[in-house]
Amino acid sequence: MSNEAATVQTAEAAPEEEAVPRRGLGASLPAADARAKTEGTFPYAADLWAEGLLWAAVLRSPHPHARIKSIDTTHAREMPGVRAVVTHEDVPGASVLGRGTADRPVFASEVVSHHGEPLAAVAADHPDTARMAAAAVIVEYEVLDPVTDPEQAFEAEPLHPDGNLIRHIPLRHGDADAVGEVVVEGLYRIGRQDPAPIGAEAGLAVPRPDGGVELYLASTDPHGDRDTAAAAFGLQQDQVKIVVTGVPGATADREDQSFQLPLGLLALKTGCPVKLAATREESFLGHTHRHPTLLRYRHHADAEGKLVKVEAQILLDAGAYAGTSSDALAAAVAFACGPYVVPNAFIEGWAVRTNNPPSGHVRGEGAMQVCAAYEAQMDKLAKKLGLDPAEVRLRNVMATGDVLPTGQTVTCPAPVAELLEAVRDFPLPPLPKDTPEDEWLLPGGPEGAGEPGAVRRGVGYGLGMVHMLGAEGADEVSTATVRVQNGVATVLCAAVETGQGFSTLARQIVQETLGVDEVHVVPVDTDQPPAGAGCRGRHTWVSGGAVERAAKMVRTQLLQPLAHKFGMSTELLQITDGKITSYDGVLSTTVTEAMDGKELWATAQCRPHPTEPLDDAGQGDAFVGISFCAIRAVVDVDIELGSVRVVELAVAQDVGRVLNPAQLAARIEAGVTQGLGAALTENLRTPRGLIRHPDLTGYALPTALDAPDIRIVKLVEERDVVAPFGAKAVSAVPVVTSPAAIASAVRAATGRPVNRLPIRPQAAVVTAN
């Protein structure tokens, strides 16, 4: 990527002579864990060790759908070195659990519902012994025909006692009889993207003397994982402790119950520490993926290109279990029209069970799938009307005060037109030179590209939106404690650092508020008050807000004695660079002197304003806040081979407020690159429900060589007044928007409809008439 990719250009750039703050909010403070990661001391779960350690392995089903006739663990138990084998019969507590909907068994007992479902787990004194023992468990199956087509799930035999339909949302907004002078239709398919977590998914379980257990996991929701584990183990919540190890990075739920629950059961059964480090294949089989989606759209517009009505049908494949599919469907239906003013909208959304691998939370779930579809519809509308694709979008973009199809008024900043104009007007990259030295610039790379004369360049646009925090009545709350003594501040908050930069942000908040240089963030475990899951920007908003409130309470404790002594209010005192001064200059002292050896501390909570579930017509104020993004993609396509090279992605985003410029730029670049994978390469193939090639050879992640120039051309800083610091989440909305922009650019280059993601080579081939 070019050097410009790391340069943050804000909507109102600061004058060059203004010094960048050295610390506090607005400074590019280095990541809190950067040194540990570079020196190799970062505490990854895969590196943990304990005295008397045993190793675990999980037996997984080779079938996507089968009836279990018997499970014989005799041979496995008799193998030398094997200490325990557990199945569904050894689960002392709740045998069926799950996030959102409790329908996922710890171990399959009567039927297998997806390829890779856990059946048994083994603890042994060596990892190879554990794997061999797991393979020695004899399971007799009656193989059944899997339900793998979500459209067939409506009529198929129920895969669960609750049926195959998880949720249906019929959204009704406006006049059903409204029609437009121009109508465009489309059918779109979005593939199954894997979160492909960095580093091995691993964990360590250690039994406790009180009969409880400690689980050391790279968890992104430790209190949720604790509650799930306690229910399965038949223990009280205070008997289960989750200690969060270093999280290498998370673009979805970092840990899955199919890893952590067998660990705890084996530790409790053997009385020994038990460790599991999953192979990449086991990760593909065990964790959840992005929902494959089928979408049918019909857009009505007038002769000027103004939208009149949008009709859509959205079908999410939840896989074998419900998980968070209800949340994903709500986002898909609510944002089905995109960041456009649509007076009449009629959307039908369904999430159904199949025998495909389970789907779950991945960045921008629901919103990403519909963005690809509605932006394709906008391209079709522009083509039919003979308008520029950017122009037809500008005629319809929403702004603050407009109403979503759910009936909710957009009260947060929504500078969608400004974002689109910024990327549209940004200079286009130069065309590649037709010389041998620049062969690598062609789609396919050196020795893989066709003739330069077959290359066509295309420019396309994508406008995306995502909601922040939980939705539909979710109680979002976080608690934080800030303690200061001897010039050192300590932050205690159970918000997990997943790569989003919360630990760095917490340091900056305390530095800004209290003028203390040295700030430590305590490692996370479930002995601390809950802070919730690390997704949808919630820790920047809710946990950051809790840290800010606690720090301000400590600030008041610090300043009150001084204010009283000099006969003024604390509002007339300020803390800058570790010094406390009054408005009139009479008072000037340091924070250290004012502390005078005292220990000050405060605990605070942050809870955003409440939301409400969507009603039977898909109406309701379901979202706390929304963020927006515009991306212009420039691609080169070999129309004979169908190969695509993304030349440049220009990004404009509303961020509310830039809290850490370098960190924010990195988050946007990472999100754009994840979207690039969804657009071109990432598709977990599951013929007849079987995961084919569950490895990073068969599943193609984009590499550094695939990443294009990413130009962050504008960051609009209109602060959201209801958000702490006014900041918005930044990493999910580029994931949502970039696939749509890339597909739009390929359409422009080829004239082909491009109605499937990832884009297959045959979809970009142009045949001669």
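Along every chain, residues carry numbers that run from 1 in the direction the sequence is written. The model is predicted, so local features are restricted to residues of pLDDT at least 70 and side-chain atom pairs to those at 80 or more, both for listing and for counting; the totals for chains, interfaces and linings are taken over all residues. The basis for every side-chain value is the complete set of non-hydrogen atoms in the structure, without hydrogens or water.

Participant: Mind showing me how you'd approach the sheet that holds strand β2 (residues 66-72) here?
Facilitator: Hydrogen bonds between backbone groups are what pair the strands of a sheet, and the pairing can be parallel or antiparallel. Taking strand neighbours across the sheet as the criterion, the 3 strands line up as β6-β2-β8 in an open arrangement whose pairing is antiparallel. Pairing within the sheet leaves two strands with one partner each, and these edge strands are β6 (111-112) and β8 (138-143). Note on pairing: two strands pair once DSSP finds at least 2 bridges between them. The helix count covers DSSP runs of H or I at least four residues long, the strand count covers runs of E at least two residues long, and both are numbered beginning at the N terminus. Examined bridge by bridge, β2 and β8 share 6 bridges and lie antiparallel to one another. In the strand pairing of β8, A66 is matched with V143.

Participant: Explanation requested: the pairing of strand β19 (residues 478-485) in the structure shown.
Facilitator: Each regular strand carries side chains that alternate between the two faces of the sheet. Where burial is concerned, most of β19 is hidden: 6 out of the 8 residues are buried. Both β19 and strand β25 (residues 599-606) contribute to a ladder of 8 bridges, which runs antiparallel. Residue pairing for β25: V482 is matched across the bridge by A602. Across 6 bridges, β19 lies against strand β20 (residues 488-493) in antiparallel orientation. Paired with V482 across the two strands is V491, which belongs to β20. Between the end of β19 and the start of β20, which pair antiparallel, lie 2 residues, with N486 showing a positive phi angle near 55 degrees. Only protein chains enter the calculation, and the probe is 1.4 Å; a residue is then buried if its accessible area is under 20% of its type maximum, exposed if over 50%, and partly exposed in between.

Participant: I would appreciate a short explanation of the packing of aromatic side chains in the present structure.
Facilitator: For any two aromatic rings, the description comes down to two numbers: the centre-to-centre distance and the angle of the planes. Two aromatic rings, drawn from Phe, Tyr or Trp (for Trp, its six-membered ring), form a pair once their centres lie within 6.5 Å of each other, and the interplanar angle then sorts them: stacked below 30 degrees, edge-to-face above 60, tilted otherwise. For the structure shown, the criterion picks out 6 aromatic pairs. Arranged with centres 5.5 Å apart and planes meeting at 65 degrees, the rings of F284 and Y699 form a pair that is edge-to-face. You can see F284 sitting in helix α6 (residues 280-286) and its partner Y699 sitting in the loop between α14 (661-680) and β28 (709-716), a full 415 residues away along the chain. An identical accessibility class is assigned to F284 and Y699; each is buried. For a lysine, the NZ atom is tested; for an arginine, the CZ atom; a charge sits over a ring if that atom is within 6 Å of the ring centre and within 35 degrees of the ring normal. Over the aromatic face of F259 sits the side chain of R60, whose NZ or CZ is 5.4 Å from the ring centroid.

Participant: What exactly am I supposed to notice about the state of the cysteines here?
Facilitator: To count as a disulfide, a pair of cysteine sulfur atoms needs to be within 2.5 Å. One pass over the structure, following the stated rule, counts 0 disulfides. With no disulfide of its own, C337 lies closest to C371 among cysteine sulfurs, the gap being 12 Å. Residue C371 stays outside any disulfide, its sulfur separated by 8.9 Å from that of C629, the closest cysteine.

Participant: I tried to follow the packing of helix α4 (residues 222-233) against helix α5 (residues 257-270) on my own but got confused; where do I start?
Facilitator: Packed helices, taken two at a time, are described by the angle between their axes plus the distance between the axes. Working convention: axes come from line fits to C-alpha atoms, limited for helices to the stretch in contact. Angles between N-to-C directions cover 0 to 180 degrees. Packing of α4 against α5 leaves a shortest axis separation of 10 Å and a crossing angle of 50 degrees. Classed by the angle they form, the pair α4 and α5 counts as oblique. Seen along the crossing, α4 lies across α5 with a hand that is right-handed. Only Q257, Q260, L261, G264, L265 and L268 of α5 make contact with α4, whose side of the interface consists of D225, T228, A229, A232 and F233. Ten residue types, Ala, Val, Leu, Ile, Met, Phe, Trp, Tyr, Cys and Pro, are classed as nonpolar, four, Asp, Glu, Lys and Arg, as charged, and the remainder, Gly among them, as polar. Tallied by class, the residues present in the contact of α4 with α5 amount to 6 nonpolar, 4 polar and 1 charged. Throughout this description, any angle smaller than 35 degrees is read as roughly parallel, any larger than 145 degrees as roughly antiparallel, any in the 65 to 115 degree range as roughly perpendicular, and the remainder as oblique. Each helix crossing is assigned a hand: it is left-handed if the near helix lies turned anticlockwise from the far helix by less than a right angle, otherwise right-handed if that turn is clockwise. Pairs of residues are marked as contacts when any of their non-hydrogen atoms sit within 4.5 Å.

Nothing here speaks to function; it is geometry throughout.
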